[in-house]
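# A look at the structure
The lines below spell out each chain.
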Amino acid sequence: MKSKAMIMIVLSCLILSGCGKNNTSQEADIKTTQTKETTADKKPEVESQTSVTAVSQTETENYEGYSGLWTESSFNHEEIISYGGLEFSIQVTEQNNLNGYLFMQQGTSERIAEIDNINGKINNGELNYKYNDDGWGGSGILHITFSNDDAIQIEVQDYKMKDTNLSGYGFSGVYQLQRSKQNKEEEKESKRADNQTSEQDLLHAVHEKYYSQWTEDGMQNAIAERKQYRDQCSFYPEVEEYLENVREVRDISSLVEPLYYTDLKIYQKEDFDDVPPLIIHLAKNEIYARHGYIFKNEDLNNYFNGQIWYEPAITPENFKDSLFNKNEQENLKLLSSLDTYK
């Protein structure tokens, strides 16, 4: 009885101990003053207040982009066979269901280790796969990590080498993998094909927007009428020199369409490498000019009035940034950060 009483006291303490624990953005605003009109018009102030939307759980759990061949030192399959190394070939379906194999060959002895039919579900960037034989009797757990920087790490945990494996060969330690060169080349080819299609669509959109409403005579007459503005723009000779010598544009297209199609596509920082500050400044202001913004700065006013696509319509006081589409909003952020023209 005494022992039963002691057990009841211990259980009561445990229960009491357990119960004690508690378990719209406004993208641009051009500010001008009477004393600094020229400076304000030269470099509009763009105040970005875009809110960041959290990425949904579905998006974070989509790992299909990791499908393909992963190797050490970006080797392709032929180089692995010739010089030795490790390759991890996977196919991810339904966002996070993985199936693949792990193969390793030693360069000097040409010993081979492999684990077939690796499968499982990737969760929060990780997958654990228990294997019983790597071809040498070794067993363990493959702890596979998928990194945001587009890399894969395989750490072999609880590795047990078979007693009869006198060479000690097999999967052990940590392997840092990158996309193989073969995969990278295939991706480049795919991107080239995609870009070719998008470029064709872009050119069609540009023609419809800037050329289709003109007759040949009407276009030539408009260019001639607006020559007076180009002649009064102090930096226009610099623009002409850039277009002719760098872009090799020597036809009327530079007067019929903008420098950049910032309303039709999103540009990257690399697109403006080696582009002069003046051209970047004009590219930023083109986003406003496309919507009829009336510039107080004399040079900007003359430059855009010299372009036959420009139709002045809205004063700075009445201009609304809601006119910008998503492409323009993104490009405006980028160009504002790159604009150093004074």
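Throughout what follows, the structure given in this document is the object of discussion. (Residues numbered from 1 in each chain as written. Predicted model: local features only at pLDDT ≥ 70, side-chain atom pairs only at ≥ 80, totals over all residues. Heavy atoms only, no water.)

### Re the pattern of salt bridges
If you walk through the whole model with that rule in mind, you get 9 salt bridges. Put simply, D263 and R290 hold a salt bridge, and the shortest N to O gap is 3.6 Å. Of this pair, D263 sits in the loop between α9 (253–256) and α10 (277–289) while R290 sits in the loop between α10 and α11 (298–305), and the two are 27 residues apart along the sequence. Exposure remark for R290: the relative accessible area of 14% places this residue in the buried category. With a shortest N-O distance of 3.6 Å, E330 and K333 are connected by a salt bridge. Note that E330 and K333 are positioned in helix α12 (residues 326–338) at a spacing of 3 residues, about one turn of the helix. A residue is classified by how much of its surface remains accessible, and K333, at 26% relative accessible area, is partly exposed. (Salt bridge = Lys/Arg side-chain N within 4 Å of Asp/Glu carboxyl O. Helix = DSSP H or I, 4+ residues; strand = E, 2+ residues; numbered from the N terminus. Buried < 20%, exposed > 50% of the residue type's maximum accessible area, 1.4 Å probe, protein only.)

### A few points about the packing of aromatic side chains
Inspection of the entire model under this criterion finds 23 aromatic pairs. Plain terms: the ring middles of Y236 and Y303 are 6.2 Å apart, the flat faces sit at 45° to each other, and that makes the pair tilted. On the criterion of sequence distance, the pair formed by Y236 in helix α8 (residues 236–245) and Y303 in helix α11 is long-range, its members being 67 residues apart. Judged by its relative accessible area of 2%, Y303 falls in the buried class. Connected via pairs of aromatic rings, a cluster forms that spans F235, Y236, Y288, Y293, F295, Y303, F304, W309, Y310, F319 and F324. Over the ring of Y260 we find R247; its NZ or CZ atom is 4.6 Å from the centre of that ring. (Phe/Tyr/Trp six-rings, centres within 6.5 Å; stacked < 30°, edge-to-face > 60°. Lys NZ or Arg CZ within 6 Å of the ring centre and 35° of its normal.)

### Section: the pairing of strand β5 (residues 126–131)
Residues L127, Y129 and Y131 of β5 are buried on one face, while the alternating residues E126, N128 and K130, pointing to the opposite face, are not. By the bridge criterion, 6 bridges tie β5 to strand β6 (residues 139–147) in an arrangement that is antiparallel. Looking at the pairing, N128 lines up with H143 of β6. (Pairing = 2+ DSSP bridges.)

### Concerning the pairing of strand β1 (residues 68–71)
Strand direction decides the pairing type here: β1 and strand β2 (residues 85–93), joined by 4 bridges, are antiparallel. If you follow T71 over to β2, its bridge partner there is E87. Bridge count for β1 against strand β8 (residues 174–179) is 2 bridges, and the pairing is antiparallel. Note on β8: the bridge partner recorded for T71 is Q178.

### Quick notes on the nonpolar core
By size, the foremost hydrophobic cluster in this structure holds 44 residues, and its most contacted members are F235, Y260, F272, L282, Y303 and F304. Top element by residues in this core is α10. It accounts for 8 residues. With sequence-adjacent residues up to four places away left out, F235 is seen in contact with L278, L282, D299, L300, Y303 and Y341. The next biggest cluster of nonpolar side chains, apart from the first, holds 27 residues, and it includes F88, I118, I122 and L177. (Core = buried A, V, L, I, M, F, W, Y, C linked by side-chain atoms within 4.5 Å. Contact = heavy atoms within 4.5 Å.)

### Regarding α12
Each turn of an α-helix holds 3.6 residues, which means side chains three or four residues apart point in the same direction. The terminal C-alpha atoms of α12, which comprises 13 residues, lie 19 Å apart, in line with the 18 Å expected from a rise of 1.5 Å per residue. Along α12, the residues classified as buried are N327, E328, Q329, N331, L332, L334, L335, S336 and L338. Close packing links the buried residues of α12 with α10. For α12, the N-terminal capping position is held by N325, with its side-chain oxygen 3.1 Å away from the main-chain nitrogen of N327. (Expected span 1.5 Å × (residues − 1). Polar contact = N/O pair within 3.5 Å; in protein donor to acceptor, adjacent residues only side chain to side chain.)

### Describing the packing of α10 against α12
Viewed as axis vectors pointing N to C, α10 and α12 meet at an angle of 150°, and their least axial separation amounts to 9 Å. Of the possible angle classes, the one that applies to α10 and α12 is roughly antiparallel. The way α10 lies across α12 gives a crossing that is left-handed. Between α10, through I280, A283, K284, I287 and Y288, and α12, the contact on the second element is made entirely by E328, N331, L332, L335, S336 and L338. Classifying every residue of the contact of α10 with α12 gives 7 nonpolar, 2 polar and 2 charged. (Axes fitted to C-alpha atoms, helices over the stretch in contact; angles between N-to-C directions. Parallel < 35°, antiparallel > 145°, perpendicular 65-115°, else oblique. Left-handed = near helix turned anticlockwise from the far one by under 90°. Nonpolar A, V, L, I, M, F, W, Y, C, P; charged D, E, K, R; others polar.)

### Concerning unusual backbone geometry
Its identity as a non-glycine residue notwithstanding, E248 has a phi of 60°, on the positive side. Residue placement: E248 occurs in the loop between α8 and α9. Backbone geometry at D274 places phi at a positive 65°, although glycine is not the residue there. By the element assignment, D274 lies in the loop between α9 and α10. Residue D274 is classed as exposed on the basis of its relative accessible area, which comes to 82%.

### Remarks on a negative patch on the surface
The grouping of E238, E240, E241 and E244 at the surface amounts to a negative patch. E240 sits in the partly exposed class, given a relative accessible area of 35%. (Patch = residues over 30% accessible without salt bridge, like charges linked within 9 Å, V, L, I, M, F, W, Y side chains within 5 Å. Areas by Shrake-Rupley, 256 points an atom, 1.4 Å probe, with all protein chains shown as cover. Lys, Arg positive; Asp, Glu negative; His and termini not counted. Charge placed at Lys NZ, Arg CZ, Asp CG, Glu CD.)

### Description of the environment of H291
Residue position: H291 is located in the loop between α10 and α11. H291 gets classed as partly exposed once you look at its relative accessible area, which sits at 22%. Sequence spacing of H291 and P312 is 21 residues, and the spatial spacing of their C-alpha atoms is 8.1 Å. If sequence neighbours within four positions are ignored, H291 has contacts with I314, F319, L323, F324 and E328.

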